[in-house]
Amino acid sequence: MAALKYWVWLSTAIGLTNRSRWLLLEHFSSPEDIYYAEPEQLRLVEGLTASQMESLEHKSLHRAQQILETCAEKDIFVLTAQDAAYPNRLRSIYEAPILLYGRGAMPLFDDEATVAVVGTRSCTPYGIQAAEQLGYEMGRQGAIVVSGLAKGIDAAAHRGALRGGGFVAGVLGCGVDVVYPESSRRLYDDVAATGVLLSEYPPGTPPERSHFPERNRIISGLSLGVVVVEAPERSGALITANTALEQGRDVFAVPGPIYADSSRGCNQLIRDGAGLVMDGWDVLEGYQSRFPHRLHCDKTRLPELPEDGKAPEEEKPAVPVAEEKKLPLLDLRNDTAGLTDDQIRILRILNAQEGKLTDDVAVETDLPVRRVLSALTVLEIDGYIRQQSARRFVRTVELKETEKEG
């Protein structure tokens with residue numbers, strides 16, 4: 001789309017703020033009109049500084065073209081503020097981005113119950129458990145879980161939502177092609193395959209300290225409410241909570257021990273009026289009347305991983321079956337371990353010896369590829385399957401069930 005290069009040019013123009021870009025878009029009908037505007041026309045835009053008007057005199061489209069070529073090469077989509085899929089929730093916030101880059105499938109956020117889960121990177125085992133459980137419950141109950149893909153609470157909430165079969169959105173403080181931290185690569189790939197990754201920064205942009213507070217306004221802006229799981233008194237999560245309040249969003253917090261430094265921020269939020277959260281439905285119940293077709297109460301607990309079901313490292317070669325110890329038993333006759341019908345159907349057609357490609361799994365189960373990818377992600381996280389090379393999957397548990405596969 002030829003006009004897209006003008007959006008990229010405007011979004012990357014040095015010296016402009018998001019506020020000044022919106023002022024320009026309100027005065028002119030499109031970025032292309034801004035690009036071709038004469039200096040005397042630009043001076044009619046109230047709120048622009050002299051230096052900002054000067055920056056608009058740089059008309060090179062070279063960088064914009066390079067960015068769009070990179071997006072095409074890396075399968076990155078570009079969403080502008082004039083696109084129908086651009087969320088009205090986000091458009092209404094102060095300093096909203098005029099453009100987003102993304103990987104994965106962009107949902108219609110305005111039609112979804114979206115909840116942000118945030119917290120400290122230096123979290124405790126209690127925080128990890130709480131974030132993963134809440135992510136699992138809300139994903140299973142029909143909400144979109146959004147966070148920043150940072151290590152700690154963010155990553156735990158995303159893992160839980162993926163295990164619950166939910167849709168997840170990760171908002172990054174770098175380009176959507178940049179994995180940060182590197183330890184989150186597997187989670188990054190899982191979110192890109194079954195959810196969406198979003199950023200206002202062009203591909204290749206490295207993470208910088210100033211990017212993360214800016215990213216947080218998008219996390220809360222996409223959401224109906226923000227859940228703070230664990231946060232000390234000075235925490236980026238509390239900045240997100242304050243931003244959410246300024247945007248008119250709901251704020252919730254998970255209580256913690258009164259003497260724990262890592263919970264002081266959450267406890268203070270509750271003292272000051274934030275909603276106290278003990279499970280996912282504490283958050284979603286208030287939104288059910290607005291999204292009755294999306295949300296349903298399901299208080300299933302996060303299932304335990306099977307014995308010895310810890311997924312092996314991806315880089316390790318598959319061990320021949322003859323050298324493997326006996327596989328853990330999954331008895332589907334008595335307990336489905338919280339597995340969905342799609343996950344069970346996939347487990348039944350996989351075996352422990354020869355891996356199957358994703359496309360072959362989709363054909364044999366007669367399921368859409370997107371649902372197969374989502375189910376495979378959850379099964380791999382839970383340790384029921386293992387990924388071999390070239391996206392081939394094998395089962396890591398032995399199934400016990402009746403002959404009838406209803």
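The text that follows walks through the structure, step by step, so that each part is easy to find. Source: prediction; values computed, not measured. (Residues numbered from 1 in each chain as written. Predicted model: local features only at pLDDT ≥ 70, side-chain atom pairs only at ≥ 80, totals over all residues. Heavy atoms only, no water.)

**Focus on the overall build of the protein chain**
Rule in force here: The way it works is that DSSP assigns letters per residue, a run of H or I at least four long becomes a helix, a run of E at least two long becomes a strand, and they are numbered from the N terminus. Contact between two residues is taken to exist if any of their heavy atoms lie within 4.5 Å; hydrogens are not considered. Note that accessible areas follow from Shrake-Rupley with a 1.4 Å probe, and for residues the cover is restricted to the protein chains shown. For the charge count, each Lys or Arg is scored as positive and each Asp or Glu as negative, with His and the chain ends excluded. Here the site of a charge means NZ on Lys, CZ on Arg, CG on Asp, or CD on Glu.
Along the backbone of the protein chain there are 17 helices and 14 strands. Dimensions along the principal axes, computed over C-alpha positions, put the protein chain at roughly 80 × 50 × 35 Å. At a minimum sequence separation of 6, the contacts of the protein chain that also span at least 24 residues come to 71%. For the protein chain, the accessible area works out to roughly 19,300 Å², and carbon and sulfur atoms hold 49% of it. When the 44 basic and 59 acidic side-chain charges of the protein chain are each reduced to a single mean position, those positions are 2 Å apart.

**Some words on the side chain of S147**
Structurally, S147 can be placed in strand β4 (residues 144-147). Every residue in contact with S147, bar those within four places of it in the chain, is listed here: V117, V118, D154, H158, A169, G170, V171 and I219.

**Re the sheet that holds strand β1 (residues 77-80)**
Put simply, the test is: Two strands pair under a simple rule: DSSP has to find at least two bridges between them. Each axis is a line fitted through C-alpha atoms, taken for helices only over the stretch in contact, and angles between the N-to-C directions span 0 to 180 degrees.
Strands sit in the order β1-β2-β6-β5-β4-β3-β7-β8-β9 across an open sheet of nine strands; the sheet is mixed. At either end of the open sheet lies a strand with only one pairing partner, and these are β1 and β9 (275-276). Examined bridge by bridge, β1 and strand β2 (residues 99-104) share four bridges and lie antiparallel to one another. Within β2, the residue paired with F77 across the bridge is G102. Of the strands in this sheet, β1 and β2 touch helix α1 (residues 4-12), which is tilted by about 115 degrees from β2. Along the sheet, helix α11 (residues 211-221) makes contact with β2, β3 (114-118), β4, β5 (168-171) and β7 (225-228), crossing β5 at roughly 155 degrees.

**What about the environment of L42?**
We count it as follows: Throughout, exposure labels follow a simple rule: accessible area from a 1.4 Å probe, protein chains only, divided by the maximum for the residue type, with under 20% read as buried, over 50% as exposed, and the rest as partly exposed.
Structurally, the position occupied by L42 is in helix α4 (residues 39-42). L42 gets classed as buried once you look at its relative accessible area, which sits at 3%. Considering only alpha carbons, one finds L42 and V117, 75 residues apart in sequence, at a separation of 41 Å. Residues in contact with L42, not counting those within four places in the same chain, are L24, F28, A37, L48, M53 and L56.

**Concerning the sheet that holds strand β11 (residues 356-357)**
Taken together, the three strands give an open sheet; going across it, the order is β11-β13-β12, and neighbouring strands pair in antiparallel fashion. Bordering the open sheet on either side are β11 and β12 (385-387), each of which pairs with just one other strand. Sheet analysis places β12 next to strand β13 (residues 392-395), joined by three bridges and oriented antiparallel. Each residue of the ladder has a partner; that of R386, found in β13, is V394.

**A few points about the packing of helix α15 (residues 341-349) against helix α16 (residues 358-365)**
Heads up, the rule is: An angle below 35 degrees is treated as roughly parallel, one above 145 as roughly antiparallel, one from 65 to 115 as roughly perpendicular, and anything else as oblique. Each residue gets one label: Ala, Val, Leu, Ile, Met, Phe, Trp, Tyr, Cys and Pro are nonpolar, Asp, Glu, Lys and Arg are charged, and the others, such as Gly, are polar.
It is the contact of α15 with α16, at a shortest axis distance of 10 Å, that shows an interaxial angle of 105 degrees. Between α15 and α16, the angle is such that the two are roughly perpendicular. Taking contact as the criterion, the partners of R345, I346 and I349 in α15 are, on α16, V361, E364 and T365. When its residues are assigned to classes, the contact of α15 with α16 shows three nonpolar, one polar and two charged.

**Some points on the pattern of salt bridges**
Here is the rule we go by: The rule for a salt bridge is simple: a side-chain nitrogen of Lys or Arg has to be within 4 Å of a carboxyl oxygen of Asp or Glu.
A full pass over the atoms with the stated rule returns 14 salt bridges. Here D298 ties to R140 by a salt bridge, and the two come within 2.9 Å at their closest N and O atoms. Placement of the pair is D298 in the loop between α14 (280-284) and β10 (329-331) and R140 in helix α8 (residues 125-140), with a sequence separation of 158 residues. Across the salt bridge formed by R271 and D272, the nearest N and O atoms sit 3.2 Å from each other. The exposure class of D272 is exposed, given its relative accessible area of 59%. Connected through salt bridges with shared partners, the residues E132, R159 and R163 form a single ionic network.

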